[in-house]
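Examination of the molecular architecture
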Amino acid sequence: MILNTIQNEPGMDITIHEQDFTETTEVDAKLVLLAKLLEAKILTVDFNLNRVASIQGIKVLNINELANALKPVVFPGEEMHLKLIKEGKEHNQAVGYLDDGTMVVVEDARRLIGQDVKVTVTSVLQTQAGRMIFTKVEK
């Protein structure tokens, strides 16, 4: 369905390669071999494919890295409003999310789950999986 939508997009030139690489059964390895053959880049969100392709000298465009680069920068001391959705991993934490999907952990806020709260950023942690913002409830 998605391929059909892309094929019908004006200005898009889509070519389907039927070639199979029988020397391997692994999908990631087949994608790397095809990228080498076509001298193409790989666009992915798959961390392992990204790593394997990079080692093989294939240029990789990682959608997660692009999305993280486009997220607004948040600094300790900044205030924000968010709705607390669920319990956090640690004792008495609550979790909410920004519009872009960034997880916001709020200390000492489990009792406020379901409410909109004003919080102050205490720290920001960038991981390969994305960014987490740690906050405390504004008194």
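Below or above, wherever it landed, is the structure these notes cover.

So, how was this worked out
Residues numbered from 1 in each chain as written. Predicted model: local features only at pLDDT ≥ 70, side-chain atom pairs only at ≥ 80, totals over all residues. Heavy atoms only, no water. Helix = DSSP H or I, 4+ residues; strand = E, 2+ residues; numbered from the N terminus. Rg over C-alpha atoms; globule rule 2.2 N^0.38 Å. Buried < 20%, exposed > 50% of the residue type's maximum accessible area, 1.4 Å probe, protein only. Contact = heavy atoms within 4.5 Å. Lys, Arg positive; Asp, Glu negative; His and termini not counted. Charge placed at Lys NZ, Arg CZ, Asp CG, Glu CD. Salt bridge = Lys/Arg side-chain N within 4 Å of Asp/Glu carboxyl O. Polar contact = N/O pair within 3.5 Å; in protein donor to acceptor, adjacent residues only side chain to side chain. Pairing = 2+ DSSP bridges. Axes fitted to C-alpha atoms, helices over the stretch in contact; angles between N-to-C directions. 1 Å grid on protein atoms, 1.4 Å probe; cavity = no way out; pocket = protein on both sides within 12 Å on 5 of 7 lines; lining within 4 Å. Points joined across faces, edges and corners; volume = space filled by probe spheres on them.

**Looking at the overall build of the protein chain**
Secondary structure summary: the protein chain contains four helices and seven strands in total. In sequence order, the protein chain lays out its α and β elements as α-α-β-α-β-α-β-β-β-β-β. Taking 14 Å as the expected radius of gyration for a compact globule of 139 residues, we find that the protein chain reaches 21 Å, considerably beyond that expectation. Counting across all 139 residues of the protein chain, residues that qualify as buried make up 26%. The long-range share in the protein chain, meaning contacts at least 24 apart out of those at least 6 apart in sequence, stands at 36%. With 15 positive and 20 negative side-chain charges, the protein chain shows a spacing of 7 Å between the two charge centroids.

**Brief notes about the pattern of salt bridges**
As enumerated under the stated definition, the model contains four salt bridges in all. Glu-79 is the salt-bridge partner of Lys-118, the closest N and O atoms lying 3.2 Å from each other. Placement of the pair is Lys-118 in strand S6 (residues 116–127) and Glu-79 in strand S3 (residues 79–87), with a sequence separation of 39 residues. Classification of Lys-118 as partly exposed rests on a relative accessible area of 36%. In this structure, Arg-110 and Glu-87 form a salt bridge, with 3.8 Å as the shortest nitrogen-oxygen distance. Of this pair, Arg-110 sits in the loop between strand S5 (103–107) and S6 while Glu-87 is found in strand S3, placing the two residues 23 residues apart along the sequence.

**Considerations on the side chain of Thr-135**
Positionally, Thr-135 belongs in strand S7 (residues 130–137). Using a relative accessible area of 0% as the deciding quantity, one classes Thr-135 as buried.

**Structural notes on helix H4 (residues 63–70)**
Burial runs low along H4: only zero of the eight residues are buried. N-cap assignment for H4: the residue whose side-chain oxygen lies 3.1 Å from the backbone N of Glu-65 is Asn-62.

**Side note on the sheet that holds S7**
On the basis of which strands lie adjacent, the closed barrel formed by five strands has the order S3-S4-S5-S7-S6 and mixed pairing. Neighbour to neighbour, the strand axes of the sheet diverge by 50° on average, direction disregarded.

**Re unusual backbone geometry**
Positive phi, normally seen in glycine, also occurs at Glu-39, with a value near 55°. Along the chain, Glu-39 falls in the loop between helix H2 (27–38) and strand S1 (42–44). Among the residues examined, Glu-39 registers a relative accessible area of 76% and is labelled exposed.

**A word on the layout of surface pockets**
In this model, the largest pocket occupies a volume close to 350 Å³. Every residue along the wall of the largest pocket is listed here: Leu-31, Leu-34, Ala-35, Leu-38, Ala-40, Lys-41, Ile-42, Leu-43, Thr-44 and Leu-49. Only H2 and S1 provide two or more residues apiece to the lining of the largest pocket. Among the elements that take part in the lining of the largest pocket, H2 stands out by supplying four residues, more than any other.

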